[in-house]
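Structural description and commentary
Here is what each chain is made of, one letter per residue.
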Amino acid sequence: HASLAAGTYVMMYFFCGLPLSGLLQDAEMFTGQQQRYHQMNLMGKCMNPVKLSGSAMDEDEYLNEPGSHGRKVKVQTYWMMLLMVACYYDDIEVAARCAENSWQMRTNIDGPNFYMPAYLMFMSLVSSDAWFATKQRKFKKQARKHHKELEKWVNKGAMNTQHKFYLLLAEEEAAKEGSKLELVKVRYDEAISMARQSRFVQDVALANERAGKYFMKRGDVEKAFQYLRRATVLYSEWGARGKLNHMKKKYFAHLEPMLPSGSSSGVGGDGDGKNNPTDRSEGGSKGSSVYGMALRGSRPTLPSAGRPAPSLEESVL
């Protein structure tokens, strides 16, 4: 029971978007090294960000270890977490493999589990990415299927799933042939606003990044830069320094030469905390967020039912 409670605590902490550094400390204290793998990858503490091997665990040994039904659940959870890490690092091949493996074992996680909405969101995002990359219709159908599954959670009143659902609406709009830039922007901004209201900092960051990637593909450099810059601020707040390094190499190395003179991404160093944008809050105390998210290291207060969504200006400045 103690092991189950500790493992559940670690996963809930992660999905709530609380600072990864605190999660790493708690995971080590409560559950030893087995529960630390995906957090360490996002924090840039692994040589290969999409392989869960290193000081915390050995991926091959973990997957090949024989065991009971409980072992199968842990392996399925492994595929689910690696799916999310691969999605964060834009490795479509690994993400698609994880999606297939985890979906084959989905009977182990079906039901009202707290991580199902996040799992369905990432399953849909991975399918969307595969659709863009291959143009195979099966991936488009899969993305829609997972979106519909997530919609069931929204219809049952699960408030903390709404922003995930709206992010997938934005992705569907972006995937349409001849989609209008302004309408796609509205859809992404709605998802960002809802995620910000619910204080899921990692999902606000993800929605900004997905919007930035879309506008980058469409050749709108200024909009891409704005969204991706916001994403770096929020990933920094979350403590995902490995993700910051990835974004610097993947996006800003290409965007900065195309920006007007005097513009800069502000993504400095190698993710070691230097030039940390969260230290430049507007009128706030040190460590407060530029975009109004929770203070670093604090437990966010979730909004009460019926609270109106923040305005677009509040959400994306």
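Just above, that's the structure.
Summary of the structure given here. (Residues numbered from 1 in each chain as written. Predicted model: local features only at pLDDT ≥ 70, side-chain atom pairs only at ≥ 80, totals over all residues. Heavy atoms only, no water.)

Concerning the packing of aromatic side chains
The final tally for this structure, using the stated rule, is 13 aromatic pairs. Look at Phe 114 and Tyr 115: their rings are 5.0 Å apart centre to centre, the planes differ by 80°, and that puts the pair in the edge-to-face class. By relative accessible area, which is 34% here, Phe 114 ends up partly exposed. The buried category is assigned to Tyr 115, whose relative accessible area is 10%. Aromatic ring contacts, followed pair by pair, group Tyr 88, Phe 122, Tyr 235 and Trp 238 into a single cluster. (Phe/Tyr/Trp six-rings, centres within 6.5 Å; stacked < 30°, edge-to-face > 60°. Buried < 20%, exposed > 50% of the residue type's maximum accessible area, 1.4 Å probe, protein only.)

With respect to the environment of Ala 96
Relative to the helices and strands, Ala 96 is located in helix H6 (residues 92–104). Residue Ala 96 is classed as partly exposed on the basis of its relative accessible area, which comes to 26%. For Ala 96 and Ala 86, which are ten residues apart along the polypeptide, the C-alpha to C-alpha distance reads 8.9 Å. (Helix = DSSP H or I, 4+ residues; strand = E, 2+ residues; numbered from the N terminus.)

Regarding the packing of helix H9 (residues 162–175) against helix H10 (residues 181–198)
Packing of H9 against H10 brings their axes to within 8 Å, and their N-to-C directions diverge by 165°. Accordingly, the angle class assigned to the pair H9 and H10 is roughly antiparallel. Crossing angle aside, the handedness with which H9 passes H10 is left-handed. Mapping the contact onto sequence places Gln 162, His 163, Tyr 166, Leu 167, Ala 170, Glu 171, Glu 173 and Ala 174 in H9 and Leu 183, Val 184, Arg 187, Tyr 188, Glu 190, Ala 191, Met 194, Ala 195 and Ser 198 in H10. Considered class by class, the residues forming the contact of H9 with H10 number ten nonpolar, three polar and four charged. (Axes fitted to C-alpha atoms, helices over the stretch in contact; angles between N-to-C directions. Parallel < 35°, antiparallel > 145°, perpendicular 65-115°, else oblique. Left-handed = near helix turned anticlockwise from the far one by under 90°. Contact = heavy atoms within 4.5 Å. Nonpolar A, V, L, I, M, F, W, Y, C, P; charged D, E, K, R; others polar.)

A closer look at the pattern of salt bridges
With the rule as written, the count across this model stands at 13 salt bridges. We note a salt bridge from Asp 90 to Lys 213, for which the minimum N-O separation is 2.9 Å. Here Asp 90, found in the loop between helix H5 (69–88) and H6, pairs with Lys 213, found in helix H11 (residues 201–217); they are 123 residues apart in sequence, far enough to count as distant. Through salt bridges that share partners, Asp 129, Glu 171 and Arg 210 make up one connected network. (Salt bridge = Lys/Arg side-chain N within 4 Å of Asp/Glu carboxyl O.)

Thoughts on the packing of H6 against helix H7 (residues 116–134)
It is the contact of H6 with H7, at a shortest axis distance of 10 Å, that shows an interaxial angle of 130°. It follows from the interaxial angle that H6 and H7 lie oblique. You can see that H6 and H7 cross each other, and the crossing is left-handed. Along its contact with H6, which presents Ile 92, Ala 95, Ala 96, Ala 99, Ser 102 and Trp 103, the element H7 presents Tyr 119, Leu 120, Met 123, Val 126, Asp 129, Ala 130 and Ala 133. Class assignment of the residues belonging to the contact of H6 with H7 gives a composition of eleven nonpolar, one polar and one charged.

Quick word on the environment of Arg 97
Among the secondary structure elements, Arg 97 is positioned in helix H6. On the accessibility criterion, Arg 97 (39% relative accessible area) is partly exposed.

Digging into helix H12 (residues 221–238)
Given 3.6 residues per helical turn, the α-helix brings residues three or four places apart onto the same face. Here H12 contains 18 residues, and its C-alpha end-to-end distance of 26 Å stays within 8% of the 26 Å for a straight helix at 1.5 Å per residue. Burial analysis of H12 places 16 of its 18 residues in the buried class, the great majority of the element. (Expected span 1.5 Å × (residues − 1).)

Description of a positive patch on the surface
On the surface, Lys 135, Arg 137, Lys 140, Lys 141, Lys 217 and Lys 250 cluster together to form a positively charged patch. For the positive patch, the leading source of residues is helix H8 (residues 137–155), giving three residues. If you trace the backbone, Arg 137 turns up in helix H8. (Patch = residues over 30% accessible without salt bridge, like charges linked within 9 Å, V, L, I, M, F, W, Y side chains within 5 Å. Areas by Shrake-Rupley, 256 points an atom, 1.4 Å probe, with all protein chains shown as cover. Lys, Arg positive; Asp, Glu negative; His and termini not counted. Charge placed at Lys NZ, Arg CZ, Asp CG, Glu CD.)

Details of the nonpolar core
Among the nonpolar cores identified, the biggest contains 68 residues, and Leu 83, Met 84 and Tyr 235 are the most heavily contacted of them. Here the element with the most residues in this core is H5; it accounts for eleven residues. Filtering out sequence-adjacent residues up to four positions away, Leu 83 remains in contact with Ala 95, Cys 98, Ala 99, Tyr 119, Phe 122, Met 123 and Val 126. (Core = buried A, V, L, I, M, F, W, Y, C linked by side-chain atoms within 4.5 Å.)

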